[in-house]
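Residue-level structure breakdown
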Amino acid sequence: MLNFFKNKKILITGHTGFKGSWLCKILNFAGAHVTGYALLPSETPNLFNLAEISKDIDSVFADIRDLVALKKTVSAVKPEIIIHMAAQPLVRESYKNPAYTYETNVMGTVNILEASRECKTVKSFLNVTTDKVYKNNKSGQVYKESDELNGQDPYSNSKSCSELITESYKKSFFKNTRTAISTVRSGNVIGGGDFSDHRLIPDAVKALSENKPLILRNPGFVRPYQHVTETIFAYLLIVKKQYEHKKYEGNYNIGPEMSEYVKIEQLANMFYSHFKEPPRILQNHNEQQPFETDLLMLNTEKIKTILGWKPSITLNKAVDMTAEWTKAYMDKKNFNEIMDSQIKEYYGLIKDIYE
């Protein structure tokens, strides 16, 4: 599958983030010409700098809210493919800074679609949203792509808006063009190099390194976890298929098999099983928690049926890979080699399936 991306001009927004850094590395491995558009990494340390991603791609460090700068970049690059990942991606941060969250996630989507509308070279456009876009009625529903979009918290709601904006632009401006447009709603992603606040694995690593208890806000919540390579290669499959034929554009869920869903506390224990003398796991009973969905389950039959996708590694394997990278990082070993090895290993599992 990666042969398809060789020499393709690809623009990635949000390339300095955790998933963006893995995506850049995979596309560099494929021989693509990658340009990234994003703010400088907000946390220290961060995977973008640690993995020296900037050595192999072109980067424009600017704000997705800056339409002029974004149009200028898209016009100069003339990409064939755009993968839109720039976002304020955290639920808890969206409660602290709702206006910024909406400006980034809503107007950022408008801006990249505007820039794409004026660029005649774009053949494949993918907007990466989230599994939290669906209206949650707390009924234990397994969400499929046709279900109502209406996320409750500011982050989830802003991503619901991003979905609706994308659909509007597709119907209003791209219907009779050669540009294929899709959105992808993926579950929680784990993997080496995520240093974001208020995410399970980064919080677990921090507790481990500081020899402090891991405090879980919602240990009984259920989430669909997958390794970052699984998720990124699914993105690339969508991009490839709709580039080759516009009939494949649409909205797609990505997530693990139902048997692989676990509670947050279970995943923490799975991760800590790889380490000697792991910290205690405690629940925070004192802090008043903002609303977060307690149960998220995705129906992935659409992408399986239409594109032939399927999960290729188990959650146990995903946790093993994450722990492997973390140990190398903590022991000051070559985690870049581990990233390369994990990419090649995963590609070996799927390369014949998605050709």
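Look up: the structure comes first, before these words.
Residues numbered from 1 in each chain as written. Predicted model: local features only at pLDDT ≥ 70, side-chain atom pairs only at ≥ 80, totals over all residues. Heavy atoms only, no water.

Quick word on the overall build of the protein
Note the threshold: The numbering of helices and of strands both runs from the N terminus, where a helix is a DSSP run of H or I of at least 4 residues and a strand a run of E of at least 2. We compute the radius of gyration from the C-alpha atoms alone; for a globule the expected value is 2.2 Å times N to the 0.38, where N is the number of residues. Think of it in three bands: with a 1.4 Å probe and only protein chains considered, a residue is buried below 20% of the maximum accessible area for its type, exposed above 50%, and partly exposed in between. Throughout, a contact is declared for two residues whenever any of their heavy atoms are within 4.5 Å. In short, Shrake-Rupley with a 1.4 Å probe defines the accessible areas, and a residue's cover is counted only from the protein chains shown. Think of it this way: Lys and Arg go in the positive column, Asp and Glu in the negative one, and His and the chain ends go nowhere. Every charge is mapped to an atom, namely NZ of Lys, CZ of Arg, CG of Asp or CD of Glu.
Helix and strand content of the protein: 12 helices and 15 strands. In terms of overall dimensions, the protein is globule-like: its C-alpha atoms have a radius of gyration of 19 Å, near the 20 Å expected for 355 residues. Judged by the C-alpha coordinates and their principal axes, the protein covers about 60 × 45 × 40 Å. Buried positions account for 58% of the 355 residues belonging to the protein. In the protein, of all internal contacts separated by at least 6 residues, the share reaching a separation of at least 24 is 82%. Looking at the protein as shown, the accessible area adds up to about 15300 Å², and 48% of this sits on carbon and sulfur atoms. A distance of 4 Å separates the average location of the 46 positive side-chain charges in the protein from that of its 41 negative side-chain charges.

Topic: the sheet that holds strand S3 (residues 58-61)
Rule in force here: Strand pairing requires that DSSP identify at least two bridges connecting the strands. Here, axes are lines fitted to C-alpha atoms. For helices the fit covers the stretch in contact, and angles between N-to-C directions go from 0 to 180 degrees.
In space, the seven strands of this open sheet follow the order S3-S2-S1-S4-S5-S7-S12, with parallel pairing throughout. The open sheet has two edge strands with one neighbour each: S3 and strand S12 (251-254). Taking each pair of neighbouring strands and ignoring which way they run, the sheet shows an average axis angle of 20°. The pairing of strand S7 (residues 180-186) with S12 spans four bridges and is classified as parallel. When the sheet's bridge partners are listed, Thr183 is paired in S12 with Asn251.

Observations regarding unusual backbone geometry
Thr44 connects to Pro45 through a cis peptide bond whose omega is 0°. Tracing the backbone through its elements, the reader meets Pro45 in the loop between strand S2 (33-38) and helix H2 (47-50). You will see that Asn211, though not glycine, has its phi angle at about 55°, which is positive. Note on placement: Asn211 falls in the loop between helix H7 (200-210) and strand S9 (214-216).

Observations concerning the side chain of Asn253
Heads up, the condition is: Within 3.5 Å is the distance limit for a polar contact, defined as a pair of N or O atoms, with the added protein rule that one can donate a hydrogen and the other accept it, and that residues adjacent in sequence qualify only through two side-chain atoms.
Tracing the backbone shows Asn253 in strand S12. Using a relative accessible area of 0% as the deciding quantity, one classes Asn253 as buried. In this structure the side chain of Asn253 is engaged in a polar contact, spanning 2.7 Å, whose partner is the side chain of Tyr134. Setting aside its immediate chain neighbours within four residues, Asn253 contacts Tyr134, Tyr143, Lys144, Glu145, Arg185, Leu298, Asn299, Thr300 and Ile303.

Quick word on the state of the cysteines
Just so we agree on the cut-off: By definition, disulfides here are pairs of cysteine sulfur atoms that lie within 2.5 Å.
Counted under the stated rule, the structure contains zero disulfides. The structure places no disulfide on Cys119, whose sulfur is separated from the nearest cysteine sulfur, that of Cys24, by 18 Å.

Observations regarding the environment of Asn269
With respect to the element layout, Asn269 can be found in helix H9 (residues 264-272). Sequence separation between Asn269 and Arg280 is 11 residues, and the spatial gap between their C-alpha atoms is 9.7 Å.

A short note on the packing of aromatic side chains
In plain terms, the rule: When two rings of Phe, Tyr or Trp (its six-membered ring) have centres within 6.5 Å they constitute a pair, described as stacked for plane angles under 30 degrees, edge-to-face for angles over 60, and tilted for the intermediate range. To sit over a ring, a charge needs its Lys NZ or Arg CZ within 6 Å of the ring centre and within 35 degrees of the ring normal.
By the definition in use, this model includes 14 aromatic pairs. Between the aromatic rings of Phe4 and Phe5, the centroid separation amounts to 4.9 Å while the plane-to-plane angle is 90°, which identifies the pairing as edge-to-face. Residues Phe4 and Phe5 agree in their burial class; the two are buried. Pairwise contacts between aromatic rings join Phe195, Trp325, Tyr329 and Phe335 into one cluster. Taking the ring centre of Phe4 as reference, the NZ or CZ of Lys8 above it sits at 4.2 Å. Of note, Lys302 hangs over the ring of Tyr252, and the distance from its end group to the ring centre comes to 5.2 Å.

Describing the side chain of Ser21
Structurally, Ser21 can be placed in helix H1 (residues 18-30). What makes Ser21 buried here is its relative accessible area of 0%. When sequence neighbours within four positions are dropped, the list of residues in contact with Ser21 reads His15, Thr16, Leu47, Phe48 and Ile53.

Considerations on the pattern of salt bridges
Between side chains of opposite charge, pairing is possible as soon as their charged atoms come close. Heads up, the rule is: Here a salt bridge means any side-chain nitrogen of Lys or Arg lying within 4 Å of a carboxyl oxygen belonging to Asp or Glu.
Evaluation of the coordinates by the stated rule reveals 17 salt bridges. Among the ionic pairs, Lys132 bridges to Asp131, the shortest N-O distance being 3.5 Å. For the pair formed by Lys132 and Asp131, the shared burial category is buried. Connected via shared salt-bridge partners are Asp63, Arg65 and Glu103.

A look at the packing of helix H8 (residues 228-244) against helix H12 (residues 335-350)
Filter applied, for reference: Throughout, the term roughly parallel applies to angles under 35 degrees, roughly antiparallel to angles over 145, roughly perpendicular to angles from 65 to 115, and oblique to all others. Crossings are classed by handedness, with left-handed meaning an anticlockwise turn of the near helix from the far one by less than a right angle and right-handed meaning a clockwise turn. Amino acid classes used here: Ala, Val, Leu, Ile, Met, Phe, Trp, Tyr, Cys and Pro are nonpolar; Asp, Glu, Lys and Arg are charged; the rest, including Gly, are polar.
One way to put it is that H8 packs onto H12 with a least axis distance of 10 Å and a crossing angle of 55°. It follows that H8 is oblique to H12 by the angle criterion. In terms of crossing hand, the pair formed by H8 and H12 is right-handed. Between H8 and H12, the residues in contact are Thr229, Glu230 and Phe233 and Gln342, Ile343, Tyr346, Tyr347 and Ile350, respectively. The class makeup of the residues in the contact of H8 with H12 is five nonpolar, two polar and one charged.

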